Structure formats: structure tokens, C-alpha cells
Amino acid sequence: MKTYQVNNEGYYGEFGGAYIPEILHRCVDELKNAYLNVLDSEDFKQEFNDLLHDYVGRPSPLYLARRLSAKYGCKIYLKREDLNHTGAHKINNAIGQVLLAKRMGKSRIIAETGAGQHGVATATVCALINMQCIIYMGKTDVERQHVNVEKMKMLGAEVRPVTSGNMTLKDATNEAIRDWCCHPADTYYVIGSTVGPHPYPDMVARLQSVISEEIRKQLKEHEGREYPDYLMACVGGGSNAAGTIFHYIDDERVQIVLAEAGGKGIETGMSAATIQLGKMGIIHGAKTLVIQNEDGQIEEPYSISAGLDYPGIGPMHANLARQKRAIVLSINDDEAIRAAFELTRLEGIIPALESAHALGALNKMQFRPEDIVVLTVSGRGDKDTETYLKAVCFDREVAEMEQGPDTVVGSGGVRLSGGQAKRLALARTLWHKRPVLILDDPFSALDRNTEQEVYTNLKAMTSDSIVILLSHRLYLFPEMDQVIWMEHGHAAVGTHEEIMEKYPEYARLYEEQTKGSTAEKVNAGKCAETEQGRKERGRAE
């Protein structure tokens, strides 16, 4: 029988292996010789399973999403890894590896993290086991995942921001490997995904396989059979996807669907769609698909999701794609955000932006009414509040507050300026986005550059909504799809250019602003809430 699992040499087909510097051979060989014996031992399995049950809260539910199912014309079950302790699937692997490290006699734990979920999980387990913990995290991710950074510090971990490269997950991994090279005797490196040299991809997949083991039992209870027609998961490095498919990987009755991060689009140069864009290469000790230029230099990936912002892919998933065992879909930022809002509105579940990419793939599939789909929600979305604060250019001000995003504002808390209150309201509106949004001057008290940035972000995050924007900032109007102009009790709708040509008063007001008049001056002289003020309202779709 054909298998897609790892072979005895540590390869998945042509992908995998261990390509490491001489100084790490001893560490990796020690781990390779120990991991299967420990993972298969009865005392390890007893302690691991007890912690998964009593500490993590497993089994995680397999939830039939009825409204989501109705929309896509099939039965969609959500594997709720977002309900685990620490809010994601990462805790499964972290517990297993820290228990392994303890049995190997290690006293110091290091880890890398992107979205912060693996970092929080590792710090949590180190606090539980009483081990020193150091987390490497790209400076870019430190800024956009402030909540998780504070959680790690509270748990007693030292968080080391990485300022090299793009300052994201790849660079954090580089620094963690350097640390391991310098401290091979007492240090254990907890890799959070199915990447790195063998045996890490196989070990992480095994520790996460509790996900697919539970799916089999839960589907049997719900549907009278152990297998679905489709398994869907997001994939960056690939740990939640590996756990979701582990017990089904050789079962050809089950179609595997992997959703990777398309970023701004695979043709834009701002993407993390490694399977679509990657070529064979070596990254972090494994042979796999890598986003690289013609000279073989690794290129910086981009995704709105910190957890998928990686230029490589786990060798298991590279092989599944190469062998056409899996359907691989590239999900762009706006598609992921749209899917996150859809799940929130339909089922009352706020997913992590990583998981939202898997949800975004639903719209690209064709299902039959009798199909059973299992989709893993790998993490919860409260960690992504930073994304919405950043969209309205309020993230840095919030980070400087004593309690960060947990700061109490208003009565009994910090007083916000008028402009800050406006931007916070806009962030909340984006979080709870609806098909039609009416925004009344959301750019209050912003300088022109910041206003332009907020407007650009607003357009990107509301591409599937109709937005009616009331504003006296006429210099933004050329970027809008349509402008509503009211004069003498009549309304006209057209593009900025059409309104400029037909209505001299609109053209005069626009020229005043673009020639240097301040928004405040125009507002004071022309924009009172009268018929004259109503002339200057814009509508963007």
C-alpha cells in the first residue's frame, strides 16, 4: 500500500531530511534516537494524555456548523482547536516536546513564534513543568501580536525580539537555531510546526495527531462512519494541517484541502503561498519548497496572518502537493478577512486569521449535499485585535498605554481624544463588519498621511461591503468608486471625474483642498451641517 508518511530516512518522497551544521549533529541525532522510544513509552503516553484531558481540555468539540453548512450546501463540521487551553492547537505539541525534553535531561527551553500562539503554549508548559523558557519572535510580530507577548511575559518567559531580515517567523527561527548551536548541551529547541530537520516534522505531526484521532471517534458518533469526504486546514509550516490529516493521509476516500496564505495575491510579490510559488530548496534544515529568487536567495514572504508568514512549507505538505494527494488553494488577505467575518456572523465564532484562510477556501470548492466536510479552526481570533487597531493607525498609541489592548477607556479609565475615539469606533466597526456600513467622518483629527493610510486599509478590509462615507476630505474622493453630490435639493451620482465636469461648485471645493487649504478651514467655512455641507458627502463602494 502506498504511504505518504515519513520513511526511515526522514523523507516524505523527495522532501525532508536533515541538512544541518556540524555543531548540531549531536543534538539532532540525540533527538532522533530518543523521540520514538519516549513517545511510545507507556509512562509518557499516560502523562501526555492526562495533561491533554485535564489541563488542555481535550477532546476538543467537533461542531456541526448548521448555518455555514446551509450556505455551502453540505455538512460542515468544525474541529474546535480554538477552545483548547491557550486558544489554539499549539499546546498539544508544546506539552509533548517539553515532556520529551525533561526525559532527555534538558533544563532550558527555546522556541520561535510568529502569531504568538506557539510561544504562549510553550511558555505555559514551561511554567507548569518549571523550566527556563526563551521565546524568539520577529519585531514585526511583536508589534502586531502585543497581547500574546504580554501573556508570554506573564508566564515567566523571556521574549527576545528579532530585528534581522523581515523581522517575522523565518527570522525568529534563524535566531532560535543560532541559540541552539551555542547551547547544545542543556538546551532543547521546541519547534512549533512540521518544519526543520528530521525528526521534527514527524514528531510534531505525531504529537498533533490527537486531532485526527478524535475526529475519527467523533464522526463515528455523529455520522456512523469514521471518515469525512473532505478535510480542510490552513497551512504555513503545517502543524494543525498535519494533525488534522495524520490518520487519514493514506485513506484515498478523504480529499485533503490545504489553504495557504496568498497575501495581496500570488502575482504581486507580497505573498506567502509557498506551494504555489516555491521551488526546491533548503530552509531551516529541511529540503522542501521555498520562496526564492533566481539566485536561490530566500525571499521575504507576506501575509496578514503572522502564523502563515513563512517562506517554506513542511515537507509532508510539499509531498502531498507534489503527489497531487492534496488540493492546495491560495487565499488572499481580503478573502480570509471576509471568511472570518462570515463565520463570526453565522456561527458566533471568531476565528484566528490563520484559520480564516481555511474558511476562505470553502468558497472555492464545489460540494454535494451529501458531502461531509471537517474543517479545523486552529485558533481563536482575539489575538488578532492588533490587526484592526493597526488598520486604523491606533496600534502604537494603544501599545504605549500601561495595559496595552486591555486598557480600560472612558468612565473610570483612560480618556481618549476625539480622534482616538473615532478610530477606536472604526476598529470596532471593522471587527463587527456588516454588508452595508455608514461611516460619518471616521478620519477626525488625523494628519493627511495617516488619513490616507487609514483610508487605504479601510478599502482593503471592506472590499465585500458597501461603504457610505460621509466626509469633508474631498482630496480622497478621486479614489472612491462613486460620489453623491447634492445641490438645490437634487442628488447626482457619478465618478469623481464626472461630478467635477458637471458641477462647478464641487470642482471649486475640490481645488481649494488640493491646492493647500486645510481640512479644518474648509470645514469651518463650507461644511456646516446644512445643504452646503451635504454637497460634500462621498460614497465609496
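Keep in mind it's a predicted model, so treat the numbers as computed, not measured.

So, how was this worked out
Residues numbered from 1 in each chain as written. Predicted model: local features only at pLDDT ≥ 70, side-chain atom pairs only at ≥ 80, totals over all residues. Heavy atoms only, no water. pLDDT = per-residue confidence, 0-100. Contact = heavy atoms within 4.5 Å. Phe/Tyr/Trp six-rings, centres within 6.5 Å; stacked < 30°, edge-to-face > 60°. Buried < 20%, exposed > 50% of the residue type's maximum accessible area, 1.4 Å probe, protein only. Lys NZ or Arg CZ within 6 Å of the ring centre and 35° of its normal. Pairing = 2+ DSSP bridges. Helix = DSSP H or I, 4+ residues; strand = E, 2+ residues; numbered from the N terminus. Axes fitted to C-alpha atoms, helices over the stretch in contact; angles between N-to-C directions. Core = buried A, V, L, I, M, F, W, Y, C linked by side-chain atoms within 4.5 Å. Right-handed = clockwise from strand over helix to strand, strands pointing away. Parallel < 35°, antiparallel > 145°, perpendicular 65-115°, else oblique. Nonpolar A, V, L, I, M, F, W, Y, C, P; charged D, E, K, R; others polar.

Remarks on the confidence of the model for the chain
Any segment with low pLDDT has predicted coordinates that should not be analysed in fine detail. Averaged over every residue, the pLDDT of the chain is 88; residues scoring 70 or more account for 92%. With pLDDT under 50 throughout, residues 517-541 is counted as low confidence; its partners more than four residues away or in other chains account for 71 contacts.

So, the packing of aromatic side chains
Per the counting criterion, the structure on display carries eight aromatic pairs. With a centroid separation of 5.8 Å and an interplanar angle of 70 degrees, the aromatic rings of Trp180 and Tyr189 are classed as edge-to-face. Comparing Trp180 with Tyr189 shows no difference in burial state: the two are buried. Put simply, the rings of Phe477, Trp485, Tyr503 and Tyr506 pair up and form one aromatic cluster. One Lys or Arg, Arg225, reaches over the ring of Tyr227 and ends 4.5 Å from the middle of that ring. Positioned above the aromatic ring of Tyr227 is the side chain of Arg253, whose terminal nitrogen or guanidinium carbon lies 3.9 Å from the ring centre.

Details of the sheet that holds strand 3 (residues 62-64)
Sheet architecture is open: six strands sit in the order 3-4-14-9-10-13, paired in mixed fashion. If you trace the sheet from one side to the other, it starts and ends with strand 3 and strand 13 (326-332), each paired once. When the angles between neighbouring strand axes are averaged without regard to direction, this sheet yields 25 degrees. The pairing of strand 9 (residues 230-234) with strand 14 (residues 372-377) spans three bridges and is parallel. Each residue of the ladder has a partner; that of Leu231, found in strand 14, is Val374. Contacting strand 3, strand 4 (75-80), strand 10 (255-263) and strand 13, helix 14 (residues 333-347) runs over the sheet at an angle of about 95 degrees to strand 13.

Side note on helix 13 (residues 315-322)
Within helix 13, seven of the eight residues are buried, which leaves the element mostly enclosed by the surrounding structure. Taken as a whole, helix 13 has its buried residues at Pro315, Met316, His317, Ala318, Asn319, Leu320 and Ala321. Residue Lys324 follows helix 13 closely and has a positive phi angle near 60 degrees.

Side note on the nonpolar core
Core analysis: the largest hydrophobic core is formed by 95 residues, its most contacted members being Met152, Tyr188 and Met203. By residue number, the principal contributor to this core is helix 1 (residues 22-39), which donates eight residues. The contacts of Met152, once residues within four sequence positions are left out, are Thr113, Gly116, Gly119, Val120, Ala123, Ile135, Met137, Ala157 and Val159. The next biggest cluster of nonpolar side chains, apart from the first, holds 36 residues, and it includes Val398, Leu439, Leu474 and Ala492.

Some words on the pairing of strand 5 (residues 108-113)
The buried fraction of strand 5 amounts to six of the six residues, a majority that puts the element mostly inside the structure. One ladder, built from six bridges, connects strand 5 with strand 6 (residues 132-138); its direction is parallel. Bridging across to strand 6, Ile109 finds its partner in Cys133. Regarding the hand of the β-α-β motif, the stretch spanning strand 5, helix 5 (residues 117-129) and strand 6 is right-handed. Direction of pairing for strand 5 relative to strand 8 (residues 187-190): parallel, over a ladder of four bridges. Note on strand 8: the bridge partner recorded for Ile109 is Tyr188.

Details of the packing of helix 14 against helix 15 (residues 353-360)
Two elements in contact, helix 14 and helix 15, have axes separated by 7 Å at closest approach and are oriented at 90 degrees. With respect to each other, helix 14 and helix 15 are oriented roughly perpendicular. On helix 15, the residues touching Glu335, Ala336, Ile337, Ala339, Ala340 and Leu343 of helix 14 are Leu353, Ala356, His357, Leu359 and Gly360. Looking at side-chain class alone, the contact of helix 14 with helix 15 contains eight nonpolar, two polar and one charged residues.

Considerations on the sheet that holds strand 5
Pairing in this open sheet of four strands is parallel, and the strands run 7-6-5-8 from one edge to the other. Looking at which strands have only one partner, the edges of the open sheet turn out to be strand 7 (158-162) and strand 8. This sheet shows a mean twist of 25 degrees between the axes of neighbouring strands, independent of strand direction. Contacting strand 5 and strand 8, helix 4 (residues 90-103) crosses the sheet at an angle of about 165 degrees to strand 8.

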